[in-house]
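Coordinate inspection notes
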Amino acid sequence: MIGGSQSGTEGPENRSVSAHYGRIDLVERIITALRAAGKDPEALEAEDLAPVDQLHTRGREATLKLARLAGARSGMRVLDVGGGLGGPARTLASEFGCAVEVLDVTEELCLAGAALTARTGLSHLVRFQHGSALEMPYQEASFDLAWTQHSSMNIADKARLYSEIRRVLKPGGRLALHEIMAGQTCPIRLPVPWAREPGISHLERPERIRTLILASGFRELAWTDETTLAAEWFRKRASRHRESPALSPHLLFGPDFPEMLENQARNLQEGRISILYAIFERQ
């Protein structure tokens, strides 16, 4: 996940977003939980980390679906915008052979993601860059595929976000998104995984996002509403997490993660948020 409506990484909103996600002891906590789950932290597969690093609706299954929709393949250079701990990036690398650059505004997530990637032996394909999605540190036409998976909710200036994504994509390159957007009912119930207070939550209605992306110079290839499917997934997941497994997103989000999960399910059921998949092509 990523956030921030300021340029660079030092604006007050970016600091608030980083404070929400950043934990300096995250790697140690994950390693301890891996051992408790019977995993060897020194010999990990990317999939071993899925319970804690696929921080989006329907987890790793959704990452694989989006990758197939986007046409991910070996040799592609991918930019994961707001990729956090790097779960989708490691999946794109291990399952599809992509070279992935993770850009995230939270430095602690970049450091933890790089450490976990090294333990999976994927550092030659996945690297992490601390930076803002609104001022990307890349040259024009650098990537074949841009990827945003539940990573735009903390970004207020979405027009600038999609303009920056278009700038760094090659002509004909694709934008793959799997995002949380606003629903018909407001406001959302808090806390949720991306915000404990409304000041860092910036949701837009799907039709507004669609219009912004097209206006930024993209052509639509696919657009699918999966809100109903997501609501059912969250309902089941919220029930499971009452048991507090050792390896789960609570390592990142803290003791109020079950409440976040419950609110996520209610927000979906009450039409306060929606979940969309989409693929666009840079013109």
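These lines cover the structure that appears in this document, whether it is placed above or below.

Scoring rules and cut-offs
Within each chain, residue numbers correspond to sequence positions counted from 1 in written order. Side-chain atom pairs in this predicted model are given and counted only at pLDDT of 80 or more, local residue features only at pLDDT of at least 70, and totals for whole chains, interfaces and linings cover all residues. Excluded from the side-chain calculation are hydrogens and water; included are all heavy atoms of the structure. Burial classification: accessible surface area is computed with a 1.4 Å probe over protein chains only, and a residue below 20% of its type maximum counts as buried, one above 50% as exposed, and the rest as partly exposed. Only DSSP runs of H or I with at least four residues qualify as helices, and only runs of E with at least two residues qualify as strands; both kinds are numbered from the N terminus onward. By convention a crossover is right-handed if, when the strands point away from the viewer, the path from the first strand over the helix to the second runs clockwise. Between any two strands, at least two bridges found by DSSP are needed for them to pair. Here, residues are in contact when the closest pair of their heavy atoms is within 4.5 Å. Take the number of residues in a helix, subtract one, and multiply by 1.5 Å to get its expected span. Inter-axis angles, ranging from 0 to 180 degrees, are taken between N-to-C directions of lines fitted to C-alpha atoms, where helices are fitted over the stretch in contact. Throughout this description, any angle smaller than 35 degrees is read as roughly parallel, any larger than 145 degrees as roughly antiparallel, any in the 65 to 115 degree range as roughly perpendicular, and the remainder as oblique. The crossing is said to be left-handed when, going from far helix to near helix, the turn is anticlockwise and less than a right angle, and right-handed when the turn is clockwise. Residues are grouped as follows: Ala, Val, Leu, Ile, Met, Phe, Trp, Tyr, Cys and Pro are nonpolar; Asp, Glu, Lys and Arg are charged; every other residue, Gly included, is polar. By the criterion applied in these results, polar contacts are pairs of N or O atoms within 3.5 Å in which, for protein atoms, one can donate a hydrogen and the other can accept it, and in which residues neighboring in sequence qualify only through two side-chain atoms. Any two of the Phe, Tyr and Trp rings considered here, Trp counted by its six-membered ring, make a pair once their centres fall within 6.5 Å; the pair's planes then place it as stacked at under 30 degrees, edge-to-face at over 60, or tilted in between. The salt bridge criterion pairs a side-chain nitrogen of Lys or Arg with a carboxyl oxygen of Asp or Glu, the two atoms within 4 Å.

Next up on the list: the pairing of strand β2 (residues 99-104). Taken across its six residues, β2 has five buried, putting it largely inside the fold. Crossover strand β1 (residues 77-81) to β2 through helix α5 (residues 87-96) is right-handed. By the bridge criterion, five bridges tie β2 to strand β3 (residues 126-130) in an arrangement that is parallel. In the sheet register, L103 faces β3, and the bridge partner there is Q129. As for the winding sense of the linkage, the β-α-β connection from β2 through helix α6 (residues 107-120) to β3 is right-handed.

So, about the environment of H202. With respect to the helices and strands, the residue H202 is situated in the loop between β5 (169-182) and α8 (206-215). For the pair H202 and F128, spaced 74 residues apart in sequence, the C-alpha separation works out to 24 Å. Those residues within four positions of H202 in sequence are excluded, and the remaining contacts are E13, S152, M153, N154, I155, A156 and K158.

Counted at 1.5 Å a residue, the expected span for helix α11 (residues 257-269) with its 13 residues is 18 Å, and the 18 Å between its end C-alpha atoms agrees. Among all positions in α11, only F257, M260, L261, N263, Q264, A265, N267 and L268 are buried. Positioned one or two residues after α11, G271 has a phi angle of 75 degrees, which is positive.

It is worth spelling out the packing of helix α4 (residues 59-70) against α5 at this point. Between α4 and α5, whose axes approach to 10 Å, the crossing angle comes to 60 degrees. Our classification of the angle between α4 and α5 gives oblique. Here the hand of the crossing between α4 and α5 comes out right-handed. Here R60, T63, L64, A67 and R68 of α4 lie close against α5, whose contacting residues are P88, T91, L92, E95 and F96. The residue makeup of the contact of α4 with α5, split by class, is five nonpolar, two polar and three charged.

Its location among the elements puts T148 in strand β4 (residues 143-149). For T148, a relative accessible area of 2% corresponds to the buried category. Within the structure, the side chain of T148 is placed 2.9 Å from the side chain of E179, a separation counted as a polar contact.

In this section: the pairing of β5. Along β5, 10 of the 14 residues are buried, which leaves the element largely enclosed by surrounding structure. The pairing of β4 with β5 spans six bridges and is classified as parallel. Opposite W147, over in β5, you have A176 as the bridge partner. Handedness of the β-α-β unit built from β4, helix α7 (residues 158-168) and β5 comes out right-handed. Pairing of β5 with strand β7 (residues 273-282) involves nine bridges; the strand directions are antiparallel. Note on β7: the bridge partner recorded for A182 is I273.

Let us look at the packing of aromatic side chains. Counting across every chain of the model gives four aromatic pairs. With centroids separated by 6.3 Å and ring planes inclined at 65 degrees, the aromatic side chains of Y21 and F253 adopt a geometry described as edge-to-face. One end of the pair, Y21, is in helix α1 (residues 12-21); the other, F253, is in helix α10 (residues 250-253), and 232 residues separate them in sequence. Across this residue pair, the class does not change: Y21 and F253 are buried. When the centroid spacing of 5.7 Å and the interplanar angle of 10 degrees are considered together, the rings of F253 and F257 count as stacked.

Attention now moves to the pattern of salt bridges. Any two side chains of opposite charge can pair, given that their charged atoms come close. Enumeration over the complete set of coordinates arrives at 20 salt bridges. With a closest N to O distance of 3.2 Å, K170 and D144 form a salt bridge. One end of the pair, K170, is in strand β5; the other, D144, is in strand β4, with 26 residues separating them in the sequence. Where R266 meets E270, a salt bridge forms, and the shortest distance between an N and an O atom there is 3.5 Å. Here R266 falls in the partly exposed class, since its relative accessible area comes to 32%. Taking relative accessible area as the criterion, E270 reaches 29% and is therefore assigned partly exposed.

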